[in-house]
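Results of the structural survey
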Amino acid sequence: MKTKTLLLLALAILSLSQAKADTSYWDGSSWSTAWYENGYGSVYHIKTAEDLAGFSKCFSQGYYMYGQMTGCTIILDNDIDLNGYEWTPIGISNPSNVYCSFDGTFDGNGHTIKGLHISNVDSYRMGVGLFGVFLNSNAIIKNLKVSGDINVTPNGYSYSVGGMAGYIQASNVQIEDCTSDVKITVNSGSSDDSNRIGGVVGALYIDTEGSNGYVKRCSFTGNISSSTACHAIGGIIGTDSQTPISECSSKATIDGIVAFVGGIVGESYTGTVADCFYQGNISVYGSIIYAGGISGNCMNIKNCVTIPSFVFKGGNYMYSDPIEVMSSSDGSYHIENCYYQGDAGKYGTYMSESELKSGEPLNGFDTDIWTFEKGSYPALSFTIQKYKVFVNTEHGIFGTLVKEGGNANLSLDTDEDWVISNLFVNDVDCTYMLENNVLTLKDITEDKHISIVYTNPTNISALKKTAENGSVSIKDGKLVLKDFSNNTRVSIYNMDGKLLENRVINSEDSFNLPSGIYIIKAGMKSFKVAL
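First, a word on what this report is: a plain description of the structure on this page. (Residues numbered from 1 in each chain as written. Predicted model: local features only at pLDDT ≥ 70, side-chain atom pairs only at ≥ 80, totals over all residues. Heavy atoms only, no water.)

1. Notes on the overall build of the chain
Selection criterion: Secondary structure elements follow DSSP: runs of H or I of four or more residues count as helices, runs of E of two or more count as strands, with numbering from the N terminus. Contacts between residues were defined by any pair of non-hydrogen atoms, one from each residue, lying within 4.5 Å.
When helices and strands are tallied, the chain shows three helices and 47 strands. For the chain, the proportion of contacts with a sequence separation of at least 24, taken over those separated by at least 6, is 74%.

The structure is reproduced here in structure tokens:
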């Protein structure tokens, strides 16, 4: 028997996502610290919403378990839905120097925490977000998505508010591969004007100069609104001391009373912003406002694209610029390879919409970091949602990754020993979509796993004449044989000839097999299946 060769040709625009994860739903009150294992480990796994609530409880007033978790890694094993119940930020701090915070790594493992809701904030919550504060050596959050809303009113003290974390002050800061889609609202209340708001982190300070730290590949797609006076608002970070910010994207709508505001960072004392993208509306009012498409005040900006719209809603003065406002001529500020669309500014290079959407790489930009496609604005590659289309063959897994909402044309070639009898896409029979062994998939919004059933040309006509000859299909990820005669012997082999299953079936039976290529002998019939 000849070996069939399967070719995937002309795989066009598709999209990548992670495998679907289980979701754990919170009831708003239950919590568990059973995962903590009496504090003897260095890596802990959070599997449920109750586990996550227990993690928050560990760093709330009256518990103070943070000293026993120093340097630990927490790994999120499933998606969490907080269901819009009131969330207690992880970690507390107040002006009286009462604090308790996690000192380690929180690895979201590619999972999502959704349904975040925070509205009741007491005096122990100077930092507001999924995490309230980090105030020890390590503040590491990575591979995490969070969505929901924060709606708080200052009560005597100023707040730092962020979707991921409110306030961070540590020597080892790493915020990496995080996405925040949180609607943040700070209402008018009793506080001074030092509130800081960021789509990802409100305020970020590295303890000592030269310490390790960065914010990388983070994005924000929510809205920020403040009717109380703020010192700084930023699409990614409100205030940053000296942490490098790179490969971050913000499409924030910002509306508030503020002094320093930027699409990426409100103000950054001595930090650097590189390879960042902002597109959105900034509507502000205040006494004196410094509003920048990238930052209100940042000393070093490189390889950035910004498409801002500014509205001055009232106050004394607003100084705005598509890139940055505070740059001086003394050589202490450096702005390089920055491009913008909109009103003319002092810094950067103006480009029209058609020029930015030309598909031509911008000068100095790394095409491993940026994607340039005709008809679209330059985009950071990590922000482009993609899915995968794939099929197992005798020669390995074939497939591709392309953008969300795109189409794919798959040419599936076989040799003379086998023909395609049935084709399944995510366990759904899509044989009718085949035309001359070409499968066309349109408007892809999820991963597509293709399974194929092959038969011998000498068998296929008989199989079509009567259901009694039996058929092979895929259901719930299992191989299903049905409509066979009673006492039909079924033998299943892998491509190395190893016998995996050998039993008698009556009419219908199913087999749970891992992904791969199999030869099936059912009575007198033979099939080849790509699972």
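2. Here's the deal with the sheet that holds strand E42 (residues 478-482)
Selection criterion: Two strands qualify as a pair provided DSSP detects at least 2 bridges between them. Axis geometry follows a simple rule: fit a line to the C-alpha atoms, using only the stretch in contact for helices, then measure angles between N-to-C directions, giving values from 0 to 180 degrees.
Spatially, three strands are ordered E41-E42-E45 in an open sheet, and the strand pairing comes out antiparallel. Where the open sheet ends on each side, the last strands, each with one partner, are strand E41 (471-475) and strand E45 (509-511). When the angles between neighbouring strand axes are averaged without regard to direction, this sheet yields 30 degrees. Of the strand pairs in this sheet, E41 and E42 are connected by five bridges, and their pairing is antiparallel. Directly across from Val472, in E42, lies its bridge partner Leu481.

3. Quick notes on helix H1 (residues 49-57)
Put simply, the rule reads: Residue exposure (1.4 Å probe, protein chains only): buried if accessible area is under 20% of the type maximum, exposed if over 50%, otherwise partly exposed.
Of all the nine residues making up H1, seven are buried; the element is thus mostly covered by neighbouring parts of the structure. Listed as buried for H1 are Ala49, Asp51, Leu52, Ala53, Gly54, Phe55 and Ser56. Buried residues in H1 make contact with strand E2 (23-25), strand E3 (43-46), strand E4 (73-76), strand E5 (79-81), strand E8 (104-118) and strand E10 (131-134).

4. Looking at the packing of aromatic side chains
Here is the rule: Geometry of aromatic contacts follows a simple scheme: Phe, Tyr and Trp rings, the Trp one being its six-membered ring, pair when their centres are within 6.5 Å, and the pair is stacked under 30 degrees between planes, edge-to-face over 60, tilted otherwise. In this scheme, Lys NZ or Arg CZ marks a charge over a ring once it lies within 6 Å of the ring centre and within 35 degrees of the ring normal.
Using the criterion set out here, one finds 21 aromatic pairs in the structure. Consider the rings of Phe55 and Phe102, whose centres lie 5.2 Å apart with planes at 80 degrees: the pair is edge-to-face. Here the residue Phe55 occupies a position in helix H1, and Phe102 occupies one in the loop between strand E7 (99-100) and E8, the gap between them amounting to 47 residues. Comparing Phe55 with Phe102 shows no difference in burial state: the two are buried. Positioned over the ring face of Tyr377 is Lys357, at 4.6 Å from the centre of the ring.

5. Some thoughts on a nonpolar patch on the surface
Rules: Think of a patch as exposed residues, more than 30% relative accessible area, with no salt bridge, where like charges cluster within 9 Å and nonpolar side chains (Val, Leu, Ile, Met, Phe, Trp, Tyr) cluster within 5 Å. For accessible areas, the Shrake-Rupley method is used with a probe of radius 1.4 Å. Any residue's cover is judged against the shown protein chains and nothing else. Salt bridge, as applied in this entry: a Lys or Arg side-chain nitrogen positioned within 4 Å of an Asp or Glu carboxyl oxygen.
Where nonpolar side chains cluster on the molecular surface, the patch consists of Ile288, Tyr317 and Tyr319 and spans about 320 Å² of accessible area. Tracing the sequence through the fold places Tyr317 in strand E27 (residues 305-321).

6. Structural notes on the state of the cysteines
Inclusion rule: Counting rule for disulfides: a pair of cysteine sulfur atoms within 2.5 Å.
According to the stated counting rule, one finds zero disulfides in the structure shown. Here Cys58 is not cross-linked by a disulfide; its sulfur's nearest cysteine counterpart is in Cys100, at 8.8 Å. Not engaged in a disulfide, the cysteine Cys298 finds its nearest cysteine sulfur in Cys304; these two sulfurs lie 8.5 Å apart. Among the residues examined, Cys298 registers a relative accessible area of 0% and is labelled buried.

7. Overview of unusual backbone geometry
In this model, Asn109 sits at a positive phi of 60 degrees, which is unusual for a non-glycine residue. Its place among the elements puts Asn109 in strand E8. According to the relative accessible area criterion, Asn109 is partly exposed, its value standing at 40%.

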